[in-house]
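# Close look at the chain arrangement
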Number of protein chains: 2
Amino acid sequence: MNTLADRQGLVRAELERAKPADVRAAIRAGGWTSNTKRLALGFHQANVTILPERLAFDFMRFCLRNPRALPLLDVTDPGDPVPRKAAPDADIRTDIPAYCIYRDGKLVERVRDLRAHWRKDHVAFLTGCNLSIDQVLLDAGIPFPHLVRDDAFPAQYRSSIPCAPAGVFHGPVVVSYRPVPEPLLMRVIDLTARYPLSHGAPIHIGDPEKIGIAALRNVDWGQPPQDEPGSIPAFWACGITAQAAAAAAGIAEMITHAPGHMFVTDLAVSDRTFG
Amino acid sequence: MNTLADRQGLVRAELERAKPADVRAAIRAGGWTSNTKRLALGFHQANVTILPERLAFDFMRFCLRNPRALPLLDVTDPGDPVPRKAAPDADIRTDIPAYCIYRDGKLVERVRDLRAHWRKDHVAFLTGCNLSIDQVLLDAGIPFPHLVRDDAFPAQYRSSIPCAPAGVFHGPVVVSYRPVPEPLLMRVIDLTARYPLSHGAPIHIGDPEKIGIAALRNVDWGQPPQDEPGSIPAFWACGITAQAAAAAAGIAEMITHAPGHMFVTDLAVSDRTFG
């Protein structure tokens, strides 16, 4: 019945208006392996951080103390691969286009399926993502490069802003960058501030050096941005903060989605009653 | 320098406009031992649930899955009696007017000071409370009995609405009751919906029997309400849900604030950026 799941060679436009379950089915079937920008527009996309249960309470406090970077959408029971609040029909081990496996804080492997890696003590944390409000920004006519150019994807950087630590977790707030045409700046701030589960308002606008970014071309994740004359640099807290914390703490094991390859949830961005 | 802390015989009106730190100092010094309604108006008051670390991750998931009843404001590190986000100068063991100690799910003792009971594996969870928006309701002229009569306090009931379980925690949503004059009903719903960290909109209005409450006079906590002709019964999710879950699970040990005797935080209700 799910035609998308049976198809190869899908293009992004076909998945923009698809239901989250259909997008996940296409990903699970291998029909979509790219980043998830603009997919299932209007629904929350989530960063996914998988940790052993013994680190779970530390990490959950880390999220609560750093809600701009890591707004909690759902946390699974130990060993349960189903995010029962965010997508009760999904499987976190198969429904993401790509995963990163970290050992001792270092990326060691990128895989397409987690079933061989999943353990009974694994806990998955789902946290909010900027891509969730692509629809809001499109409706408002905000011409962010990743919305208007198919080949563009936001850049991310380690900032000099520290996270509030919790247990073993500490490190810098990772930020995502968008150039904002100056006449739209206050509108973009106002719009994004309304979505705290998707990182809310910018945490910095203007000179990147003030938050420890020496040069925009030297990205830590994502794509180096093009010059955008007449635009103001704006930075939002980013869920990759979890990966940076894993690196800073050198924790023995952590699995995440690959940056930009998010988990598409059933949670509508327009529905604020779930969390 | 803190005159309130040196005084006995304080009356509620003196503490309504006091700073949270001054209210806590008065409580710590024994000058205030009653419930905390209307104290430090405009600041979040918190339900406090203290558990051993081995149950902490279960309980934190329980809160995340039941955000109407248990909206998380802060969670302490194991053994740390300081809620560093909600009130970094406070001590959770001394700054609440009364505490309840539960063993095997049953209330066994009510104490005024927790220092003799505090352990290195204790974790304190602070969750939002309806009393936090007393100022909002007063400003809007909503004549709830607990706001206009000094001797009134809201009633609470076990409802037939189940919580989403997490680990050992399960049980009914506990609700607090307020009679709403019929012409004000939509206004009260709209106002309270804006404050999800203080239980948000009602979870039920109208016939109490529809959520398992056979008779309003048979309260589970708080005061039996007076008849209020011309009013519609309205029910909000309540933080006492944590105590009901402890009872339902029969967990060996839990310490909480005494119902109505909340922890007064430094978090301004008007500041939504902290969580």
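For the structure itself, look to the data block above.
Residues numbered from 1 in each chain as written. Chains lettered and ligands numbered in written order. Predicted model: local features only at pLDDT ≥ 70, side-chain atom pairs only at ≥ 80, totals over all residues. Heavy atoms only, no water.

## What to know about the relation of the copies chain A and chain B
The operation relating chain A to chain B is a screw motion whose rotation component is 180°, with 0.0 Å of axial translation and a residual RMSD of 0.0 Å. In the structure described here, the two chain copies are related by an operation that fits a two-fold rotation axis. Within chain A, phenylalanine 57 of chain A has its C-alpha nearest the rotation axis, a separation of 2.5 Å. A shared binding surface is used by both copies, with 100% of the interface residues of chain A retained as interface residues in chain B. (Least-squares fit on C-alpha atoms with pLDDT ≥ 70 in both. Contact = heavy atoms within 4.5 Å.)

## Observations concerning the interface of chain A and chain B
The partner chain B presents 20 residues to the 20 residues of chain A that form the contact. Between chain A and chain B lies a buried interface of about 1,700 Å² when both sides are counted; carbon and sulfur atoms form 65% of it. By the criterion of area lost to chain B, the three top residues of chain A are Phe57, Met60 and Leu64 of chain A, representing 38% of everything that side buries. Our enumeration of links across chain A and chain B arrives at 4 salt bridges. Aspartate 77 of chain A serves as the salt-bridge partner of arginine 65 of chain B, at 2.9 Å between the closest nitrogen and oxygen. Across the contact surface, chain A and chain B share 8 residue pairs in polar contact (both at pLDDT 80 or more). Of all the secondary structure elements, the ones that give two or more residues to the side of chain A that touches chain B are helix H3 (56-65), strand S2 (72-75) and strand S5 (122-127) of chain A. (Buried area = accessible area lost by both parts, 1.4 Å probe. Salt bridge = Lys/Arg side-chain N within 4 Å of Asp/Glu carboxyl O. Polar contact = N/O pair within 3.5 Å; in protein donor to acceptor, adjacent residues only side chain to side chain. Helix = DSSP H or I, 4+ residues; strand = E, 2+ residues; numbered from the N terminus.)

## A look at the nonpolar core
Core analysis: the biggest nonpolar cluster contains 72 residues, and Phe125 and Phe169 of chain A together with Phe125 and Phe169 of chain B have the highest contact counts within it. Once residues within four sequence positions are removed from consideration, phenylalanine 125 of chain B is found in contact with Phe57 of chain A together with Asn47, Val48, Thr49, Leu51, Ala56, Phe59, Met60, Leu72, Asp74 and Val75 of chain B. (Core = buried A, V, L, I, M, F, W, Y, C linked by side-chain atoms within 4.5 Å. Buried < 20%, exposed > 50% of the residue type's maximum accessible area, 1.4 Å probe, protein only.)

## Let's talk about the side chain of arginine 65 of chain B
If you trace the backbone, arginine 65 of chain B turns up in helix H3 (residues 56-65). Within polar-contact distance, the side chain of arginine 65 of chain B engages the backbone oxygen of valine 75 of chain A at 2.9 Å. Residues within four places of arginine 65 of chain B in sequence aside, it is in contact with Val75, Thr76 and Asp77 of chain A together with Ala164, Pro165 and Ala166 of chain B.

## Describing the sheet that holds strand S7 (residues 172-181) of chain A
Residue and element names in this part refer to chain A. One open sheet accounts for 5 strands, arranged S8-S10-S7-S6-S9; its pairing is antiparallel. Only two strands of the sheet have a single partner each, and these edge strands are strand S8 (204-205) and strand S9 (221-222). By the bridge criterion, 7 bridges tie S7 to strand S10 (residues 231-237) in an arrangement that is antiparallel. When the bridges of S10 are listed, valine 180 appears paired with isoleucine 232. (Pairing = 2+ DSSP bridges.)

## Details of the environment of arginine 12 of chain B
Residue and element names in this part refer to chain B. With respect to the helices, strands and loops of the structure, arginine 12 is situated in helix H1 (residues 12-16). Arginine 12 gets classed as buried once you look at its relative accessible area, which sits at 11%. In sequence terms arginine 12 and alanine 40 are 28 residues apart; their C-alpha atoms lie 9.9 Å from each other. With residues near it in sequence (within four places) discarded, arginine 12 still touches Trp32, Ser34, Asn35, Thr36, Lys37, Arg38, Leu39 and Asp150. Within the structure, arginine 12 has its side chain in polar contact with the side chain of serine 34 (distance 3.5 Å).

## Some details on the packing of aromatic side chains
Where two aromatic rings form a pair, the distance of their centres and the angle of their planes describe that pair. One pass over the full model with this rule turns up 16 aromatic pairs over all chains. With 5.5 Å between their ring centres and 45° between their planes, tyrosine 177 of chain A and phenylalanine 235 of chain A make a pair best called tilted. Taken together, the residues tyrosine 177 of chain A in strand S7 and phenylalanine 235 of chain A in strand S10 connect sequence positions 58 residues apart. Neither tyrosine 177 of chain A nor phenylalanine 235 of chain A differs from the other in exposure class; each is buried. Note on tyrosine 157 of chain B and phenylalanine 235 of chain B: the rings are 6.5 Å apart at their centroids and 70° apart in plane angle, and the pair reads as edge-to-face. Highlighted residues: tyrosine 157 of chain B in strand S6 (residues 155-162) and phenylalanine 235 of chain B in strand S10 (residues 231-237), separated in sequence by 78 residues. Residue phenylalanine 235 of chain B is classed as buried on the basis of its relative accessible area, which comes to 0%. Every member of this aromatic cluster is reached through a ring pair, and the members are Phe57 of chain A together with Phe59, Phe62, Phe125 and Phe169 of chain B. Here arginine 61 of chain A stacks its cationic end above the ring of phenylalanine 57 of chain A, 4.4 Å away from the centre of that ring. (Phe/Tyr/Trp six-rings, centres within 6.5 Å; stacked < 30°, edge-to-face > 60°. Lys NZ or Arg CZ within 6 Å of the ring centre and 35° of its normal.)

In short, the description is geometric, and any link to function would need to be established separately.
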